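Close look at the chain arrangement
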Amino acid sequence: MGDLVGFLFDLYDANELTFKTEIQNRIDREHPEDGDSGRNLVRLTFYYGDILRDGKPLFSADVCQALEIVQEMHNELKNYECTQEFYDSRKKEMIERYNAFPLTMFNTSSLTEKERFNRRLAVMRAILDAETAKNKKDEN
C-alpha cells in the first residue's frame, strides 16, 4: 500500500497534470447493472482541454491515452489473449516510451510567506469569479 499512496502523492504533486478527484465514501447502488453496485466509488477525471499551465505543457491527454492502453493490455492478459512474456515486453516498451515525458513536482518551499499568500489570494479570486459567472449564467 505504501507504493500506491506514494504514487497518489506523486500524481497530485505533478505540475504537468490537471485532474479532478471524486470520492464517494458510500456504496454505489445507483447502477447495479454495471457490476459495481457493491463497491465504493472513486473517480479520477483527467482533462484533455488544458494544454498549458504557466506556459508549460500539460500531459493530461497523454495520461488518458496511457490509461486506455494499460487497461486494454491488462484485459488482454486477464482474458488469456496474450502470454505473460508478451504482456511484460509491451509493458516495458510502454514505460520506456513514456519516460520521455518527465514530470516535475509542485513545491512551495522556496516561496516567501507573502508570495504564498498572494498565490492563495489569486486562487480564491479565481474560484469566486468562476462561481459568480456560474450564478449569473444560471440566473439567465
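Here is what the cut-offs are and how they apply
Each chain has its residues counted from 1, following the order in which its sequence is written. pLDDT decides what is reported in this predicted model: residues at 70 or higher carry local features, side-chain atom pairs at 80 or more are listed and counted, and totals for whole chains, interfaces and linings draw on all residues regardless. Water and hydrogen atoms play no part in the side-chain values, which are based on all heavy atoms of the structure. Planes of paired rings set the category: under 30 degrees apart is stacked, over 60 is edge-to-face and the rest tilted, where pairs are Phe, Tyr or Trp rings (Trp by its six-membered ring) whose centres lie within 6.5 Å. When accessible area is computed with a 1.4 Å probe and restricted to protein chains, residues below 20% of their type maximum are described as buried, those above 50% as exposed, and intermediate ones as partly exposed. Within this scheme a cavity is a closed region of a 1 Å grid, computed over the protein atoms alone, that accommodates a 1.4 Å probe without allowing it to escape, whereas a pocket is open but has protein on both sides within 12 Å along at least five of seven lines; lining residues each have an atom within 4 Å of a point. Grid points are joined across faces, edges and corners, and a volume is the space filled by probe spheres set on the points. To qualify as a helix, a DSSP run of H or I must reach at least 4 residues; to qualify as a strand, a run of E must reach at least 2; elements of each kind are numbered from the N terminus. All residues other than Ala, Val, Leu, Ile, Met, Phe, Trp, Tyr, Cys, Pro, Asp, Glu, Lys and Arg, Gly among them, are scored as polar; the first ten of these are nonpolar and the last four charged. We call a set of buried Ala, Val, Leu, Ile, Met, Phe, Trp, Tyr and Cys residues a nonpolar core when their side-chain atoms join them within 4.5 Å. Between two residues, a contact is recorded if the distance between any of their heavy atoms is within 4.5 Å. Salt bridge criterion: a side-chain nitrogen from Lys or Arg within 4 Å of a carboxyl oxygen from Asp or Glu. Axis definition: a line fit to C-alpha positions, over the contact stretch in the case of helices; interaxial angles, taken between N-to-C directions, run 0 to 180 degrees. Comment on the angle field: the value is read as roughly parallel under 35 degrees, roughly antiparallel over 145, roughly perpendicular from 65 to 115, and oblique elsewhere.

Now for the packing of aromatic side chains. The description of an aromatic ring pair rests on the distance of the ring centres and on the angle between the ring planes. In this structure the tally under the stated criterion is one aromatic pair. Ring centres of Tyr98 and Phe101 lie 6.0 Å apart, and the angle between their planes is 45°; on these two criteria the pair is classed as tilted. For Phe101, a relative accessible area of 37% gives the class partly exposed.

Estimates place the volume of the largest pocket at around 1000 Å³. Every element with two or more residues in the lining of the largest pocket is listed here: helix H1 (2-13), strand E2 (40-46), helix H2 (60-78) and helix H3 (84-98). For the lining of the largest pocket, the element with the most residues is H2, which contributes seven residues. The residue inventory of the lining of the largest pocket, partitioned by class, reads 21 nonpolar, two polar and four charged.

The next point concerns the nonpolar core. Listed in full, the eight residues of the largest apolar core are Leu11, Ala14, Leu17, Phe19, Phe46, Phe59, Val63 and Cys64. Once you skip the residues sitting within four places of it in the chain, Leu11 turns out to touch Leu17, Phe19, Leu44 and Phe46. Core analysis: the next-biggest nonpolar cluster, separate from the first, contains six residues, Ala66, Met73, Cys82 and Met94 among them.

Here the focus is the pattern of salt bridges. Tallied over the full model, the rule gives two salt bridges. Across the salt bridge formed by Arg90 and Glu76, the nearest N and O atoms sit 2.9 Å from each other. In this pair, Arg90 sits in helix H3 while Glu76 sits in helix H2, placing the two residues 14 residues apart along the sequence. Since its relative accessible area comes to 25%, Arg90 is described here as partly exposed. Relative accessible area serves as the criterion here: at 25%, Glu76 is assigned to the partly exposed category. Taking the shortest distance from any N to any O, the salt bridge between Arg116 and Glu113 comes out at 2.6 Å. Taken together, the positions of Arg116 and Glu113, both in helix H4 (residues 113-139) and three residues apart, correspond to about one turn of that helix.

Here we come to the packing of H2 against H3. For the pair H2 and H3, the least separation of the axes is 10 Å and the interaxial angle reads 170°. If you check the angle between H2 and H3, you find them roughly antiparallel. Within the contact between the two elements, H2 uses Asp62, Gln65, Ala66, Ile69, Val70, Met73, His74, Glu76 and Leu77 and H3 uses Gln84, Tyr87, Arg90, Lys91, Met94, Arg97 and Tyr98. By residue class, the composition of the contact of H2 with H3 is eight nonpolar, three polar and five charged.

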